[in-house]
Amino acid sequence: MINLILLGLPGAGKGTQSERLVDKYHLAHISTGDMFREAMAKKTPVGLEAKSYIDKGNLVPDEVTAKLVEERLQKPDTEQGYILDGFPRTTVQAEMLEKITKKLGKELTNVISIDVQEDELVKRLSARYMCRTCGATYNKLFKPTKVEGTCDRCGGHDFYQREDDKPEVVRNRLQVNEKMNAPLKDFYQKKGLLTSIDGEQTPDEVWADVDKVFSK
Ligand code: ADP
Ligand code: AMP
């Protein structure tokens with residue numbers, strides 16, 4: 001059983017590595033960022049509340065986010081294992097998660113931190129773009145579509161840049177997240193769950209290190 005948290009600052013490559021983990025291990029991919037973006041698109045109450053925080057690059061309050069995760073972890077697809085991507089982001093959330101997973105009998109088995117320096121993150125986030133049809137992630141500098149203007153995964157032609165990847169917001173987002181990142185890593189280090197990986201390698205090299213954690 002793999003019940004995993006992927007830690008890492010925005011742009012570290014959590015979504016990219018999650019895709020591979022899902023393909024190989026059939027885990028449920030739980031990205032709180034994706035869940036918020038979906039809620040914002042549908043204009044649900046949670047989405048409307050989250051929008052004011054997300055558009056500025058700030059964190060949505062812990063209670064709102066934890067409730068979303070608690071509901072998601074009760075869905076049956078998480079019984080084969082899950083990846084938490086973008087949650088927890090604060091030690092308060094980490095403590096909330098501990099209670100939730102205990103209650104549901106779905107305790108964590110691993111925490112992987114993908115580590116990347118800030119300058120590299122700014123570069124990656126500014127160049128990230130997404131397929132509007134299927135949500136696939138590309139990068140103008142590091143991972144363009146194979147055929148220009150056509151999504152590799154679904155063949156779609158409609159792409160967009162996330163609002164919070166625009167340069168005005170990226171710096172604040174990184175600062176907000178950086179403050180919380182070291183205490184989070186400490187939290188899981190002390191529990192003996194943490195493996196840190198150099199995220200400044202190619203996606204294939206990062207994947208080799210990630211997969212090594214499970215083939216031990
Ligand atoms: P996160 O989910 O952690 O925010 P993503 O997986 O979306 O990060 O990656 C951020 C951007 O960087 C994307 O445009 C992605 O294509 C690109 N990227 C991901 N991993 C790497 C890597 N190892 N080297 C270079 N670029 C990468
Ligand atoms: P992400 O897609 O993970 O980069 O998340 C996008 C935005 O959603 C973040 O900048 C936050 O505003 C919000 N968000 C996502 N996950 C969390 C979380 N665990 N706690 C608080 N806010 C979050």
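Residues numbered from 1 in each chain as written. Chains lettered and ligands numbered in written order. Predicted model: local features only at pLDDT ≥ 70, side-chain atom pairs only at ≥ 80, totals over all residues. Heavy atoms only, no water.

(A) Up close: the site of ligand 2. If you check the shell around ligand 2, you find 16 residues, and the closest are Thr-32, Asn-58, Gly-86, Arg-89 and Gln-93. Gly-86 places a polar main-chain atom, nitrogen or oxygen, 2.9 Å from a nitrogen atom of ligand 2. Here an oxygen atom of ligand 2 sits 3.1 Å away from a polar atom, N or O, in the side chain of Arg-173. Computed on the free molecule, ligand 2 has an accessible area of 480 Å², of which 97% lies beneath the protein chains in the complex. With four residues, the single largest contributor to the shell around ligand 2 is helix H2 (residues 32–41). Class assignment of the residues belonging to the shell around ligand 2 gives a composition of five nonpolar, six polar and five charged. (Near = heavy atom within 4 Å. Polar contact = N/O pair within 3.5 Å; in protein donor to acceptor, adjacent residues only side chain to side chain. Areas by Shrake-Rupley, 256 points an atom, 1.4 Å probe, with all protein chains shown as cover. Helix = DSSP H or I, 4+ residues; strand = E, 2+ residues; numbered from the N terminus. Nonpolar A, V, L, I, M, F, W, Y, C, P; charged D, E, K, R; others polar.)

(B) Structural view of the site of ligand 1. Taken together, 18 residues surround ligand 1, and among them Lys-14, Gly-15, Thr-16, Arg-128 and Asn-139 come closest. Contact between ligand 1 and Arg-124: a nitrogen atom at 3.3 Å from a side-chain N or O atom of the residue. Pro-203 places a main-chain nitrogen or oxygen 3.4 Å from a nitrogen atom of ligand 1. Surface burial for ligand 1 is 92%, taken as the share of its 560 Å² of free accessible area covered by protein chains. Counting residues per element, the ones that place at least two in the shell around ligand 1 are helix H1 (14–25) and strand E6 (137–139). Residue composition of the shell around ligand 1, by class: six nonpolar, nine polar and three charged.

(C) Highlighting the state of the cysteines. Scanning all chains against the criterion turns up zero disulfides. Of all cysteine sulfurs, the one in Cys-134 lies closest to Cys-151, which takes part in no disulfide; the gap is 3.8 Å. Free cysteine: Cys-154, not disulfide-bonded; nearest cysteine sulfur from Cys-131 at 3.7 Å. (Disulfide = S-S within 2.5 Å.)

(D) Layout of helix H5 (residues 91–104). If you check H5, its first and last C-alpha atoms are 20 Å apart, about what 14 residues at 1.5 Å a residue would give, namely 20 Å. Positive backbone phi, at 65°, marks Gly-105, one or two positions downstream of H5. (Expected span 1.5 Å × (residues − 1).)

(E) Spatial organisation of the packing of helix H6 (residues 118–126) against helix H7 (residues 167–190). Contact geometry of H6 with H7 gives a least axis separation of 10 Å together with a crossing angle of 135°. The pairing of H6 with H7 is recorded here as oblique in orientation. Considering only the axes of H6 and H7, their crossing is right-handed. Here Glu-118, Leu-121, Val-122 and Leu-125 of H6 lie close against H7, whose contacting residues are Val-170, Arg-171, Arg-173, Leu-174 and Glu-178. (Axes fitted to C-alpha atoms, helices over the stretch in contact; angles between N-to-C directions. Parallel < 35°, antiparallel > 145°, perpendicular 65-115°, else oblique. Left-handed = near helix turned anticlockwise from the far one by under 90°. Contact = heavy atoms within 4.5 Å.)

(F) Representation of unusual backbone geometry. The residue after Phe-87, namely Pro-88, is reached through a cis peptide bond having omega -5°. Relative to the helices and strands, Pro-88 is located in the loop between strand E3 (82–85) and H5.

(G) Structural view of the environment of Leu-184. You can see Leu-184 is positioned in helix H7. Distance from Leu-184 to Leu-7, taken between C-alpha atoms, is 8.5 Å for residues 177 residues apart in sequence.

(H) Quick peek at the packing of aromatic side chains. Tallied over the entire structure, the rule returns five aromatic pairs. On the basis of an interplanar angle of 65° and a centroid distance of 5.6 Å, the ring pair of Tyr-25 and Phe-214 is categorised as edge-to-face. With Tyr-25 in helix H1 and Phe-214 in helix H8 (residues 203–215), the pair connects residues that are 189 residues apart, well separated along the chain. For the pair Tyr-138 and Phe-159, a centre-to-centre distance of 6.1 Å together with 80° between the ring planes defines the contact as edge-to-face. Of this pair, Tyr-138 sits in strand E6 while Phe-159 is found in strand E7 (residues 159–160), placing the two residues 21 residues apart along the sequence. Given the relative accessible area of 21%, Phe-159 is considered partly exposed. Taken together, the aromatic side chains of Tyr-129, Tyr-138 and Phe-159 make up a single cluster linked through ring pairs. Note that Lys-191 overlies the ring of Phe-187, its terminal NZ or CZ placed 4.9 Å from the centroid. (Phe/Tyr/Trp six-rings, centres within 6.5 Å; stacked < 30°, edge-to-face > 60°. Buried < 20%, exposed > 50% of the residue type's maximum accessible area, 1.4 Å probe, protein only. Lys NZ or Arg CZ within 6 Å of the ring centre and 35° of its normal.)

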